[in-house]
Amino acid sequence: MRFYLIRLTLAFLLCLSSFAHGFDAVAAETELFFTPDKAAAQAVKSAIDSAQSTIHIQASAVTHKAIQQGLVDAAERGVETLLILDQAAHQGGEYTNADFFSDWNIKTYLYLDGTLRDYWVLIDSTIALTGTFNFSGATERDLATHLFIIKDNPELILQIFDNFSDRLSKCRHLPPKRRRALADTEQLISSENVAESPQKEQPQVVAKEKITFIGNTKSLVFHKSSCTSGKKLKAGNRIDKKNREYFIEQGYKPCGRCKP
Ligand SMILES: [Zn+2]
């Protein structure tokens, strides 16, 4: 439904711009970066940091630490973040690259219709980043790739958006791993009445620390009060509570980093 609305808006903007072009041509703005050089990844990170409402991203995997952090922060501040990854991003290991994003409140999808070797970020349905740079730290250091940033080109953005929708229809959604793990743990607690803390050996120590928790009322993620993501939250979308149960009962998800 949301997809339909975004597409409608894009088509409308395209009409407006065609109309405007009739009088005065608006030059599309394009920037170009290359690796090995830090500028390409920094450009991706800055674009992600500037997102206000949506991020649509597709890649074989996203392993560059700063880009990962940018996506996590965006989802934390309430930006709707959709990620399409190649199936290989969910293979080889207990906890995969795809699991990481899904646990961080990023809607994560695995592409099922062949191998995904396409690299796109679409910011707020207005800025597109693409090229052969694959959002990996190793590539930034060692490989020769390029990245375009395209602005003010509604026609192209609409094409990219339609491609994203099409790819999404050939994906499966990957549910968060920690949420599943938490559900299992809660069952264990109710049946055996054991301490809720994962550090079962030292339940008294944990109780003495009087950990308080901070919830993000927008993203419905909660943190330990010591977590930097929790501390950064502004008063408008933040709720502080002494007991963890409050957040669980309200359907909040635990932060994947501070593991409250
Ligand atoms: Zn946290």
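As a convention, each chain's residues are numbered from 1 in the sequence order in which they are written. Residues qualify for local features only when their pLDDT is at least 70, as the model is predicted, and side-chain atom pairs are given and counted only at 80 or more; totals for whole chains, interfaces and linings, by contrast, use all residues.

**Student:** In this structure, what is going on with the nonpolar core? I would like to understand it.
**Tutor:** One recurring pattern in soluble globular proteins: nonpolar side chains tend to sit buried together. Nonpolar cores are identified as sets of buried Ala, Val, Leu, Ile, Met, Phe, Trp, Tyr and Cys residues joined via C-beta atoms within 7 Å. For every residue, the other C-beta atoms within 10 Å of its own C-beta are counted; 20 or more classify it as buried, 12 or fewer as exposed, and values in between as partly exposed. C-beta atoms are placed from the backbone. Core analysis: the biggest nonpolar cluster contains 47 residues, and V44, I48, I55, L71, L85 and V121 have the highest contact counts within it. Two residues qualify as being in contact provided that their C-beta atoms, derived from the backbone, are within 7 Å of each other. Residue contacts for L71: discarding those within four places in its chain leaves I48, I55, T81, F101 and I106. Judged by nonpolar contacts, the second largest core, of 8 residues, contains I214, V221, F222 and Y252.

**Student:** Help me out: how do you make sense of the sheet that holds strand 8 (residues 171–173) in this one?
**Tutor:** Whether parallel or antiparallel, the strands of a sheet pair through hydrogen bonds between backbone atoms. Criterion used throughout: strands pair if DSSP finds at least two bridges between them. Helix numbers and strand numbers start at the N terminus; a helix is a DSSP run of H or I with at least 4 residues, a strand a run of E with at least 2. If you trace the 8 strands from one edge of the open sheet to the other, you get 1-7-6-5-2-3-4-8, paired in mixed fashion. Both outer strands of the open sheet, strand 1 (29–35) and strand 8, are each paired with one neighbouring strand and no more. Neighbour to neighbour, the strand axes of the sheet diverge by 15 degrees on average, direction disregarded. As defined by bridge partners, strand 2 (residues 54–59) adjoins strand 5 (residues 120–123) across 4 bridges and the pair is classed as antiparallel. Interaxial angle, 0 to 180 degrees, is taken between N-to-C directions of lines fitted to C-alpha atoms, where a helix line uses only the stretch in contact.

**Student:** Honestly, helix 2 (residues 38–49) in this entry has me stumped. Any pointers?
**Tutor:** Owing to its 3.6 residues per turn, the α-helix brings residues three or four apart onto one side. Helix span, expected: 1.5 Å multiplied by one less than the number of residues in the helix. For helix 2, spanning 12 residues, the distance from its first C-alpha to its last is 16 Å, which sits close to the expected 16 Å at 1.5 Å a residue. Here helix 2 has its buried residues at A40, A41, V44, K45, A47 and I48. Projected down its long axis, helix 2 shows its buried positions confined to an angular sector of 165 degrees, all on one face. The arc under discussion is defined with respect to the helix axis, by the directions toward the C-beta atoms.

**Student:** Any chance you could explain the environment of L116 here in plain terms?
**Tutor:** Within the secondary structure layout, L116 lies in the loop between strand 4 (107–111) and strand 5. Here L116 falls in the buried class, since 22 other C-beta atoms lie within 10 Å of it. What L116 contacts, discounting residues up to four positions off in sequence, is Q58, S60, I84, D86 and Y111.

**Student:** I keep staring at the pairing of strand 3 (residues 80–86) and nothing clicks. Help me out?
**Tutor:** Where a strand is regular, its side chains alternate between the two sheet faces. Within strand 3, 5 of the 7 residues are buried, leaving the element largely enclosed by the surrounding structure. Relative to strand 3, strand 2 is paired through 6 bridges, and the arrangement is parallel. If you follow I55 over to strand 3, its bridge partner there is T81. Each parallel crossover has a hand, and the one from strand 2 via helix 3 (residues 65–76) to strand 3 is right-handed. Looking at chain direction, strand 3 and strand 4 are connected through 5 bridges and run parallel. By the bridge assignment, D86 is partnered in strand 4 with Y111. Orient the strands so they point away from the viewer, and a crossover whose first-strand-to-second-strand path over the helix runs clockwise is right-handed. For the crossover that starts at strand 3, traverses helix 4 (residues 97–103) and ends in the parallel strand 4, the hand is right-handed.

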